[in-house]
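Here's the letter readout for the chains.
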Amino acid sequence: MAEMEASLLRQFPLLLPQNRAKTVYEGFISAQHPVSKGCIYLPFYHLMLVYFFSKGRDFHLKILLPEDLQMKNARLLCSWQLKTILNGYHQIVQQRMQHSPDLMSFMMELKMVLEVALKNKQELYAPPPPPQFYSSLMEEIGTLGWDKLVYVDTCLSTIKLKAEDASGRKHLITLKLKTKYPTESPDCVVDFPVSFSVSWTPQSSLISIYSQFLAALESLKAFWDVMDEIDEKTWVLEPEKPTRSATTRRIALENRASINIEVDPRHPTMLPECCFLGADHVVKPLGIKLSRNIHLWDPENSLLQNLKDVLEIDFPARANLEKSDFSMDCGICYAYQLDGAIPDQVCDNLQCGQPFHQICLYEWVRGLLTSRQSFISYLVNAHIAARKKRPRPHLVCMDSIKEGLGIWLSVQ
C-alpha cells in the first residue's frame, strides 16, 4: 500500500488525498500533446502556441473511492475540459476503472487514454487564422450589408446570411469558413431541393457567394410557388412541417384516400410522379382518370389546377374542414404517426375504409393464434369486432405487404 502511494505521488504529484482514509483524491492529471512535424513551418507566434500545448496540459479531476479502496466501485469526476476531451472514450475509461487493481494503475491507464484522445483531437488546438483573415472578413460583411447577417460564432468560422426571394419567402445560407479562406472555398449549407455548388476562385468573397445564392433562389421560385399553393389550398398529410427542400406531398382526398406526389424542382409544372393510397374501389377510378385525361395536362397552368382537371376532383379545402375530419388514425394502434410513418393501408370494404399502419397490421396478424403462414400468405380468422366496435362482419383485404407478402383478414 505504501509503495503504491509513493509511486502515485511520484507519477502524479498534483493528485493528493483529501482525507485521512484516503478515499477522496483531488488534483490534476498532466498529459502531453504531440506536435506534428509540420509545425516547424508555422509562423513564430503560431509555433509558440502549439509549443505551449506540446509542453503538456493539466486537467482537474476528483476520484471517490469506497472504504475498501477497490477501483471497481470508484467514481471519477472530471472538469468540463477533461470531459470534453474524453467525449467518446467514456466506456473505455469505465472498463479500465473496472479492471484496475489500484488507483495508481488506473491513473496510468487514464493518462494513456487521455493522450490518445488529445492526439486524435489535434484540430482543437489548430493555430488560429492570421489577422488578415478577420480584417478582410469584416470588410466583406460590411460591403455585403450587416442587415443580411443573421448569426456569426465567436471564432468567425460559421456565418449565416438571410435573403428573400421574389415572392417574399425568407431563406438562409450557412457558411463554414476554413482557416485558409479565401484560398479555399467555404462549405455552404442551404435548404434547397437541388444541390447548390459554388463557383469559387481565390479572388472570390462572401459577395460572390451571396450573388450565386440569390440566383439559385430565383431559379427555384416557380417550384416553391407550386408547393406553397398545395400547402395553402389542400390538406397535406405528409410531411407535417415541410422544409424548402421537400419535393413530396401526400395530399388528402375524400373517402380516406390520398395521393402522394413528387415534384421535379427544375420542371415544377410538369406531371409529377403520382401514387394513390387508399381502398381499391376509391383509388382505381382515380388511376383510370389519370391515364384517360393525361393529354389535358397543361404546363402553363399550376400543378394543383392540372391535378384537379385530370383527376376530375376537388381537393378537400382547408377552409371548410379540419384535419381530424379525415380520421386517418390507425385502427390497431389508434395513433396517426408511428416512428414517422402514417397509415398507408386501407380496408377495401365499402362500409369500413379503416386505415392501418402496414407494420401494425403485419405484427397484429403474426400474433394471432388462429393464423397460419403458407409461403407468402397469412390466412387469418379472428375476432376484433369489439376492438373496432363494428358488429357487422366484413372482409379486409390487402394485396401486398412488404415484398409480396399478402394478408387476408376475415373479421367477424
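Residues numbered from 1 in each chain as written. Predicted model: local features only at pLDDT ≥ 70, side-chain atom pairs only at ≥ 80, totals over all residues. Heavy atoms only, no water.

Which residues make up the sheet that holds strand β12 (residues 273–277), and what are the values?
Across the sheet, 4 strands lie side by side as β9-β10-β11-β12; this open sheet has antiparallel pairing. Single-partner strands in this sheet number two, and they are β9 (236–238) and β12. Averaged over all pairs of adjacent strands, the angle between strand axes in this sheet comes to 30°, irrespective of strand direction. Across the sheet, helix α8 (residues 221–233) is in contact with β9, β10 (248–252) and β11 (258–262); its angle to β10 comes to roughly 25°. (Pairing = 2+ DSSP bridges. Helix = DSSP H or I, 4+ residues; strand = E, 2+ residues; numbered from the N terminus. Axes fitted to C-alpha atoms, helices over the stretch in contact; angles between N-to-C directions. Contact = heavy atoms within 4.5 Å.)

Could you give an account of the packing of helix α6 (residues 131–144) against helix α7 (residues 206–219), with specific residues and numbers?
Between α6 and α7, the shortest axis-to-axis distance is 9 Å and the interhelical angle comes to 40°. Accordingly, the angle class assigned to the pair α6 and α7 is oblique. Contacts from Leu-137, Glu-140, Ile-141, Thr-143 and Leu-144 of α6 reach α7 at Leu-206, Ile-207 and Tyr-210. Here the contact of α6 with α7 is built from residues that sort into 6 nonpolar, 1 polar and 1 charged. (Parallel < 35°, antiparallel > 145°, perpendicular 65-115°, else oblique. Nonpolar A, V, L, I, M, F, W, Y, C, P; charged D, E, K, R; others polar.)

An account of unusual backbone geometry is requested, with residue identities and associated values reported.
That bond from Tyr-181 to Pro-182 is cis: its omega, 5°, falls within 30 degrees of zero. The topology assignment puts Pro-182 in the loop between β7 (170–176) and β8 (187–190). Of note, the bond from Glu-238 into Pro-239 is cis; its omega dihedral lies within 30 degrees of zero at -15°. Relative to the assigned elements, Pro-239 resides in the loop between β9 and β10. With a phi close to 55°, Leu-156 is a non-glycine residue in the positive phi region. Topologically, Leu-156 is positioned in the loop between β5 (149–152) and β6 (158–164).

I'd like to hear about a nonpolar patch on the surface, residue by residue, with values.
Where nonpolar side chains cluster on the molecular surface, the patch consists of Val-150, Tyr-151 and Leu-172 and spans about 270 Å² of accessible area. By secondary structure assignment, the location of Tyr-151 is in strand β5. A relative accessible area of 39% places Tyr-151 in the partly exposed class. (Patch = residues over 30% accessible without salt bridge, like charges linked within 9 Å, V, L, I, M, F, W, Y side chains within 5 Å. Areas by Shrake-Rupley, 256 points an atom, 1.4 Å probe, with all protein chains shown as cover. Salt bridge = Lys/Arg side-chain N within 4 Å of Asp/Glu carboxyl O. Buried < 20%, exposed > 50% of the residue type's maximum accessible area, 1.4 Å probe, protein only.)

Go over the pairing of β7 with me, naming the residues and quoting the values.
Pairing of β6 with β7, which is carried by 7 bridges, proceeds in the antiparallel orientation. Looking at β7, one finds that Ala-163 is bridged to His-171. Following β6, the chain reverses through 5 residues before pairing antiparallel with β7; Gly-168 in that reversal takes a positive phi of roughly 85°. The sheet contact formed by β7 and β8 spans 4 bridges and is antiparallel. Of the residues in β8, the one forming a bridge with Thr-174 is Val-189.

Which residues make up the sheet that holds β8, and what values do they have?
Pairing in this open sheet of 4 strands is antiparallel, and the strands run β5-β6-β7-β8 from one edge to the other. A strand with exactly one partner marks an edge of an open sheet, and here the two such strands are β5 and β8. Ignoring which end each strand starts from, the neighbouring axes of this sheet average 20° apart.

How would you sum up the pairing of strand β2 (residues 24–31)? Please name residues and give values.
Bridge count for strand β1 (residues 15–17) against β2 is 3 bridges, and the pairing is antiparallel. Looking at the pairing, Pro-17 lines up with Tyr-25 of β2. From the end of β1 to the start of β2, which pair antiparallel, there are 6 residues, and Lys-22 there has a positive phi angle of about 55°.

Got a sec to walk through the side chain of His-357? Specific residues and values, please.
Locating His-357 in the fold gives a position in the loop between β14 (355–356) and α11 (358–366). In this structure, His-357 is in contact with Cys-330, Cys-333, Ala-335, Tyr-336, Gln-337, Leu-338, Ala-341, Ile-342, Pro-343 and Asp-344, ignoring residues within four places of it in sequence.

Kindly report on the side chain of Arg-249, identifying the contributing residues and their values.
Assignment of secondary structure puts Arg-249 in strand β10. Within the local environment of Arg-249, its side chain forms a polar contact with the side chain of Asp-231, the two groups lying 2.8 Å apart. (Polar contact = N/O pair within 3.5 Å; in protein donor to acceptor, adjacent residues only side chain to side chain.)

How would you explain the pattern of salt bridges if you had to name every residue and give the values?
Across all of its chains, the model carries 13 salt bridges by this definition. One salt bridge in this structure joins Asp-225 and Arg-169, with 2.9 Å as the shortest N-O distance. Of the two residues, Asp-225 sits in helix α8 while Arg-169 sits in the loop between β6 and β7, which places them 56 residues apart along the sequence. When its relative accessible area of 8% is taken as the criterion, Arg-169 is described as buried. Where Asp-225 meets Lys-221, a salt bridge forms, and the shortest distance between an N and an O atom there is 2.8 Å. Residue Asp-225 and its partner Lys-221 are both found in helix α8; the two are separated by 4 residues, about one turn of the helix. Classification of Asp-225 as partly exposed rests on a relative accessible area of 28%. The network of salt bridges with common partners includes Asp-165, Arg-169, Lys-221, Asp-225, Asp-228 and Arg-244.

Go over the packing of helix α9 (residues 280–293) against helix α10 (residues 303–311), please, and point to the residues and values.
Here α9 crosses α10 at 105°, and the two axes come no closer than 8 Å. If you check the angle between α9 and α10, you find them roughly perpendicular. Across the interface between the two elements, Leu-286, Lys-289, Leu-290 and Asn-293 from α9 touch Asp-309, Val-310 and Leu-311 from α10. The residue inventory of the contact of α9 with α10, partitioned by class, reads 4 nonpolar, 1 polar and 2 charged.

Describe the confidence of the model for the protein, with residues and values.
The share of residues in the protein with pLDDT of 70 or more is 78%, and the mean pLDDT across the chain is 80. Between residues 35–55, whose pLDDT stays under 50, and residues either more than four places distant or in other chains, the model counts 19 contacts. Overall, residues 375–412 carries pLDDT values under 50, and its contacts beyond four positions in sequence, including any with other chains, amount to 94 contacts. (pLDDT = per-residue confidence, 0-100.)

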